[in-house]
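Structural overview for review
Chain residues, written in single-letter form:
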Amino acid sequence: MADRRLLKVALGAYGLSDDINNKFFIKKVLQDGTLSSSALANKLSDKQYLKLSAAFGFGDFSVPSTKISTFPDKIIEAYKARGFEVAVGNQDSDLRLSLNLQRELPALAAKSSSETTKWLTILGNTALRTVFETALGLPKSIGTLDLDQQLNAFQEKAATQLGSSSISQFSDPAALDKLTKRYLLRAEVANLSASTGNNSALQLMQQIVSNGWVRNR
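Residues numbered from 1 in each chain as written. Predicted model: local features only at pLDDT ≥ 70, side-chain atom pairs only at ≥ 80, totals over all residues. Heavy atoms only, no water.

Across all of its chains, the model carries six aromatic pairs by this definition. Judged by centre distance (6.1 Å) and plane angle (55 degrees), the rings of W119 and F154 are tilted. Of this pair, W119 sits in helix α7 (residues 115-123) while F154 sits in helix α9 (residues 147-162); the two residues are 35 residues apart in sequence, bridging distant segments of the chain. Considered together, W119 and F154 belong to a single accessibility category, that of buried residues. (Phe/Tyr/Trp six-rings, centres within 6.5 Å; stacked < 30°, edge-to-face > 60°. Helix = DSSP H or I, 4+ residues; strand = E, 2+ residues; numbered from the N terminus. Buried < 20%, exposed > 50% of the residue type's maximum accessible area, 1.4 Å probe, protein only.)

Written out as structure tokens, the structure reads:
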């Protein structure tokens, strides 16, 4: 906490750079750990705080992860990956979301939690939710529905358009690649429809999506 450069890397590795000046808050997140239901990280909707606390292990173990020789390399690698995403996002926000998807979704898919819990995690994560909404052709207004209705809508669309409503399927690189391509294609359609002078390209893109190209590749 006393070394701003180290804090910048630690927070940057988990996409929490905006909290660089909230030292008391971050210290509390780290000290509480993750094992207790009353821990601050478990009460926050943004699960990146939970990942941060779990990674460092200050509140969970007598010997924190910072004592493990491989720990610094893991944090640096995560920091560089996040930095790359930010740099890409400054040029293309859709690509940034796709990179985030490639990193976050396989880890979620591999968890032992129930499919419902995994879906709720996605619905509560702005970046992942945006990708699924776009890829499945769901409107932003779906967020006004009751959570159970939202969950059913996402699962039904996934089953129809992706062949399965299971989040666990994205442990398979092929399934993840299929979703990523579908998202980028639909995002491009949305971008074209929002611009002018691209009617022919837009019609072509819409035809590709409607004909199921992204379902079969």
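Before going further, it helps to spend a moment on the pattern of salt bridges. Using the criterion set out here, one finds eight salt bridges in the structure. A salt bridge links K28 to D32; the shortest N-O distance between them is 3.2 Å. Highlighted residues: K28 and D32, both in helix α2 (residues 23-32), separated by four residues, approximately one helical turn. The exposure class assigned to K28 is partly exposed, which follows from its relative accessible area of 38%. Note that K51 and E104 form a salt bridge whose closest N and O atoms lie 2.3 Å from each other. Highlighted residues: K51 in helix α4 (residues 48-56) and E104 in helix α6 (residues 93-109), separated in sequence by 53 residues. Taking the relative accessible area as the measure of exposure, K51 reaches 31% and is therefore partly exposed. On the basis of relative accessibility, which here comes to 8%, the residue E104 falls in the buried class. A cluster of three or more residues bridged by salt bridges with shared partners is formed by K51, R82, R103 and E104. (Salt bridge = Lys/Arg side-chain N within 4 Å of Asp/Glu carboxyl O.)

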